[in-house]
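# A look at the structure
In case you want the letters, here they are:
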Amino acid sequence: MQPIKLGRMTVHKVHEMDSPTPLLAQLPGVTAGDLARLKGWYRPDDGELTDDPATSHMTFGIHSFVIEVDGQTIMVDTCCGNHKNRGLPEVHQLDTDYLGNLARAGFAPADIDLVMCTHLHFDHVGWNTRLDNGKWVPTFPNAKYLFGQRDYDYFLGNPAGEDFHNEAFLDSIVPVMDAGQGILVDEDHVAHRQIGDGVWLEAAFGHSPGCCTVHGQAGGEAAIFWGDVIHHPVQMIRYDLPFAFDADPAAASLTRQRVMNKAVDEDLLCFPAHFRLNSVGKVRADGDAFRYDWVAE
Ligand SMILES: [Zn+2]
């Protein structure tokens with residue numbers, strides 16, 4: 001993605017990996033009718049989506065966004081990370097060129113002033129730390145890391161059925177706290193504020209207990225960094241459908257609808273965490289649902 005300039009704010013995308021998976025494994029309940037409607041405005045043209053949900057796939061794009069604003073460099077979400085033991089084969093012991101992609105975007109780890117995690121799932125916190133002589137240390141030595149209090153309290157309790165995220169808590173959150181670089185914040189925390197604009201969190205609970213969106217505006221168009229409010233464009237049509245890994249599917253669906261409506265009403269430029277290839281765009285109302293207009297990256 002080319003950097004996107006929004007007033008005093010510039011947004012960069014740093015890619016980590018793409019992870020393909022059967023569509024119905026992630027979004028059970030998608031129908032052939034939903035896919036037919038999706039094809040009206042979504043044409044990836046690579047055979048991922050067929051007319052039949054049972055033979056369709058989706059690919060998770062996994063990336064960070066880096067915001068430059070008023071002399072601060074803020075990273076939103078930190079992907080999966082390298083060399084981490086995970087019970088999920090797709091992300092076990094990764095060795096990606098994420099830090100090379102960060103460098104090609106123009107940043108060294110030491111340049112990052114602030115890390116904001118939308119929530120504490122393994123694919124949003126992984127590069128918080130890197131392996132150094134057998135020890136997990138903060139990847140971004142000069143950064144403060146903001147973690148939402150609710151997710152922190154939840155994963156501190158090693159909850160049942162959350163194995164991959166519990167693993168990530170131990171190797172990607174605890175070492176940051178031990179290093180004194182982690183700050184626990186409320187889910188409406190303001191990270192940066194100038195008169196009339198800034199960068200801040202808003203609660204978007206459901207996918208995880210303390211899931212947030214990140215908002216940014218600095219003398220230009222307003223942006224929303226969606227985190228995991230939505231995973232695939234078909235959820236614009238079926239915002240009511242649960243995603244397989246929503247902690248509270250009913251709450252996540254309500255949050256998705258509310259956030260989509262807000263994006264329409266406020267004409268927000270949207271930065272989704274998991275749309276692959278081109279991801280940035282604007283939500284439009286479309287009858288009883290929504291559609292997405294992509295912005296060229
Ligand atoms: Zn995610």
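One can find the structure itself at the top, above this paragraph.
Treat the numbers as computed from the prediction; the structure is a model and nothing was measured.

The next subject is the overall build of the protein. Scanning the protein for helices and strands turns up eight helices and 16 strands. Compactness check: the protein gives a C-alpha radius of gyration of 18 Å against a globular reference of 19 Å for 297 residues, within 12% of the reference. Along the first, second and third principal axes, the C-alpha set of the protein runs to 50 × 45 × 35 Å. The proportion of buried residues among the 297 residues of the protein is 46%. For the protein, the share of sequence-separated contacts (at least 6 apart) that also reach a separation of at least 24 residues comes to 68%.

Residues of helix α5 (residues 149-156) that are buried include every one of R150, D151, Y154 and F155, and no others. Down the axis of α5, the buried side of the element spans an arc of 115°, and every buried residue falls inside it. Buried-residue contacts for α5 involve β8 (144-148) and α6 (163-178). One or two positions beyond α5, positive phi appears at N158, with a value near 50°.

One broad rule of soluble globular proteins: the nonpolar side chains tend to lie buried together. Core analysis: the biggest nonpolar cluster contains 75 residues, and I67, I74, V115, C270 and F271 have the highest contact counts within it. Tallying contributions element by element places strand β3 (residues 57-69) first for this core, with six residues. Residues in contact with F271, not counting those within four places in the same chain, are V11, F65, A223, I224, F225, W226, S279 and V280.

With that settled, the discussion passes to helix α8 (residues 249-265). Spanning 17 residues, α8 covers 24 Å between terminal C-alpha atoms, matching the ideal 24 Å at 1.5 Å per step. Inspection of α8 places A252, T255, R256, V259, M260 and A263 among the buried residues, and these make up the whole buried set. In an axial view of α8, the angular spread of the buried residues amounts to 135°, which keeps them on one side of the axis. Among the exposed residues of α8, those pointing more than 90 degrees away from its buried face are A250 and D265. Close packing links the buried residues of α8 with β12 (212-217), β13 (223-227), α7 (234-237), β14 (269-272), β15 (281-286) and β16 (289-294). A positive backbone phi angle near 55° is found at D267, which sits one or two residues after α8.

Bringing the sheet that holds strand β5 (residues 114-116) into the picture now. The seven strands lie next to each other as β1-β2-β3-β4-β5-β8-β9, forming an open sheet whose pairing is mixed. Sheet topology places β1 (4-6) and β9 (182-185) at the edges, where each strand pairs with a single neighbour. Neighbour-to-neighbour, the strand axes of the sheet open up by a mean angle of 25°, direction not taken into account. For β5 and β8, the ladder comprises three bridges, and the chain directions are parallel. Of the residues in β8, the one forming a bridge with L114 is K144. Along the sheet, α5 contacts β8 and β9; its crossing angle with β8, the most-contacted strand, is approximately 75°.

The next subject is unusual backbone geometry. With the exception of glycine, most residues fall at negative phi, and the peptide bonds are largely trans. For C79, which is not a glycine, the phi torsion comes out positive at approximately 60°. By the secondary structure assignment, C79 is in the loop between β4 (72-76) and α3 (98-104). In this structure C79 comes out as buried when scored by C-beta crowding, with 25 C-beta atoms within 10 Å. Within the chain, H83 stands out as a residue other than glycine whose phi angle is a positive 65°. Mapped onto the fold, H83 is located in the loop between β4 and α3. According to the C-beta neighbour criterion, H83 is partly exposed, with 14 such atoms within 10 Å.

Thresholds applied
Residues numbered from 1 in each chain as written. Predicted model: local features only at pLDDT ≥ 70, side-chain atom pairs only at ≥ 80, totals over all residues. Helix = DSSP H or I, 4+ residues; strand = E, 2+ residues; numbered from the N terminus. Rg over C-alpha atoms; globule rule 2.2 N^0.38 Å. Buried ≥ 20, exposed ≤ 12 C-beta atoms within 10 Å, placed from the backbone. Contact = placed C-beta atoms within 7 Å. Arc of directions from axis to C-beta. Core = buried A, V, L, I, M, F, W, Y, C linked by C-beta atoms within 7 Å. Expected span 1.5 Å × (residues − 1). Pairing = 2+ DSSP bridges. Axes fitted to C-alpha atoms, helices over the stretch in contact; angles between N-to-C directions.

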